Amino acid sequence: MNLKNAIDDLLELSFVGSFTRVGPAVRRRLFGWDAPTAGALDGRTALVTGPTSGLGRAVAEQLAGLGARVILVGRNRQRLESVRDALIRAHGEDRFPIVVADMSSLVSVRAAVSDVLASERQLDVVVDNAGAIFAERTESTDGFESTFAVLVMGPFVLLGGLLPLLQETPGSRVIAITSGGMYTQALDLNDLQSRAPGYSGSRAYARAKRAQTSLIREWARRLSSAGPTFHTMHPGWADTPGLADSLPAFYRFMKPLLRSPAEGADSVTWLASTPDPSPLNGQLILDRRSRPFDRIARTRLSAADRRRLWDQVVALSGGQDPAPEARTSG
């Protein structure tokens, strides 16, 4: 192990040093990060869910700045139009179509898929960013716990529906944005809907993020020879409205050390623009480097657990398995 990697590993173990703005500041100097090449995404199309604020807004701005056509997917048309208009002013052209979709509704997600498939000839990047935390347990129109609906069911159906277009696009990639809270929670495969007494919005969010990450690993495994590549990225602790609203005490205490949204979004843009992300297929990325999926042994999902999770989500979706496998495979 060389000295740079050793320093990076020690920083990663520190949590605070790794997840705050200290992390990218040190790693940028340590590894000599290059900014993505100007025009790196010219002629390419990216889709971003939840692009109206925070990390999603930063991702949309960065991808647009590299020349991408950016499909803006969100549930509030006025906010989407505001982002689109700002991007048009910044870049002098309209390459930012809007798709109104509520990620908690499978009907709405499937309608969005139909819109994208009808309008787009290629899809190079999908960024799964939309998220929500609920103070009390509520259910979506489909009867799913709301956090699970937005973070797990909606994205799964979105990716399944867009998969044919992704597979037709050489070098396509899917990037899911996770959260550090994932590291703290085990996923109860017998209670994906958080029906057990003592509901906690932050706990449900963390468990849904663990499910999201586990499903990304399954997508990568099942489609390893058929593209696209699938990645999870951890943005660190970024100064976003979502963090301020969901964890106000933590936000106030950590605010001086929080990353900017642009710093949090950096690894998304790097994964979206790097020429060949295949060596990182199925991996979790923080600050442009692969990181562990688990920090506490009790939270780990086995390969069999991930297959079981996949099958449960397919069943809940009411649709066909988008990436079936032979039952005799390992």
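Residues numbered from 1 in each chain as written. Predicted model: local features only at pLDDT ≥ 70, side-chain atom pairs only at ≥ 80, totals over all residues. Heavy atoms only, no water.

## As for helix H11 (residues 261–273)
- An ideal rise of 1.5 Å per residue puts 18 Å on 13 residues; H11 measures up with 18 Å between its terminal C-alpha atoms.
- Here H11 has its buried residues at Gly264, Ala265, Asp266, Ser267, Val268, Thr269, Leu271, Ala272 and Ser273.
- Those residues of H11 that are buried are in contact with helix H4 (54–65), strand E4 (125–128), strand E5 (173–177), strand E6 (229–233) and strand E7 (284–286). (Helix = DSSP H or I, 4+ residues; strand = E, 2+ residues; numbered from the N terminus. Expected span 1.5 Å × (residues − 1). Buried < 20%, exposed > 50% of the residue type's maximum accessible area, 1.4 Å probe, protein only. Contact = heavy atoms within 4.5 Å.)

## Describing the sheet that holds E7
- Spatially, 8 strands are ordered E3-E2-E1-E4-E5-E6-E7-E8 in an open sheet, and the strand pairing comes out mixed. The open sheet terminates on both sides in strands that have one partner only, identified here as strand E3 (98–100) and strand E8 (289–291). Between one strand axis and the next, the sheet turns by 25° as a mean value, whatever way the strands run.
- Both strand E2 (residues 69–74) and E3 contribute to a ladder of 3 bridges, which runs parallel. Among the inter-strand pairings, Gly74 is bridged to a residue of E3, identified as Val100. (Pairing = 2+ DSSP bridges. Axes fitted to C-alpha atoms, helices over the stretch in contact; angles between N-to-C directions.)

## Some words on the side chain of Thr45
- Mapped onto the elements, Thr45 comes out in strand E1 (residues 45–49).
- The residues contacting Thr45, other than those within four sequence positions of it, are Arg69, Ile71, Glu120, Gln122, Leu123, Asp124 and Val125.

## Observations concerning the side chain of Ser140
- Tracing the chain through its elements places Ser140 in the loop between E4 and helix H7 (146–168).
- Ignoring sequence-local partners within four residues, the contact set of Ser140 consists of Ser104, Ser146 and Ala149.

## As for the pairing of E2
- Among the 6 residues in E2, 5 count as buried, and that is most of the element.
- Bridge count for E1 against E2 is 5 bridges, and the pairing is parallel. Among the inter-strand pairings, Thr45 is bridged to a residue of E2, identified as Arg69.
- At this point the chain moves from E1, through H4, to the parallel E2, and the crossover so formed is right-handed. (Right-handed = clockwise from strand over helix to strand, strands pointing away.)

## Topic: the packing of aromatic side chains
- Following the criterion strictly, the structure yields 8 aromatic pairs and no others.
- Arranged with centres 5.5 Å apart and planes meeting at 15°, the rings of Trp219 and Phe230 form a pair that is stacked. Placement of the pair is Trp219 in helix H8 (residues 201–222) and Phe230 in strand E6, with a sequence separation of 11 residues. Of the two residues, Trp219 and Phe230, neither departs from the other in class, the shared state being buried.
- Measuring from ring centre to ring centre gives 4.8 Å for Trp219 and Trp310, while their planes differ by 75°; the resulting arrangement is edge-to-face. Taken together, the residues span a long stretch of sequence, with Trp219 in helix H8 and Trp310 in helix H12 (residues 303–317) at a distance of 91 residues. For the pair shown, Trp219 and Trp310 are each scored as buried.
- Ring pairs connect the aromatic residues Phe15, Phe19, Tyr183, Trp237 and Phe250, which therefore count as one cluster.
- The residue whose ring lies beneath Arg295 is Phe15, and the NZ or CZ to ring-centre distance is 4.4 Å. (Phe/Tyr/Trp six-rings, centres within 6.5 Å; stacked < 30°, edge-to-face > 60°. Lys NZ or Arg CZ within 6 Å of the ring centre and 35° of its normal.)

## Some words on the packing of helix H1 (residues 3–13) against helix H3 (residues 22–31)
- H3 packs onto H1 with a crossing angle of 175° between their chain directions and a minimal axis gap of 11 Å. Taken as axis vectors, H1 and H3 run roughly antiparallel relative to one another. Contacts between H1 and H3 involve Lys4, Asn5, Ile7, Asp8, Leu11 and Glu12 from the first element and Val22, Gly23, Val26, Arg27, Leu30 and Phe31 from the second.
- For the contact of H1 with H3, a count of residues per class yields 6 nonpolar, 2 polar and 4 charged. (Parallel < 35°, antiparallel > 145°, perpendicular 65-115°, else oblique. Nonpolar A, V, L, I, M, F, W, Y, C, P; charged D, E, K, R; others polar.)

Geometric values such as these leave the question of function open.
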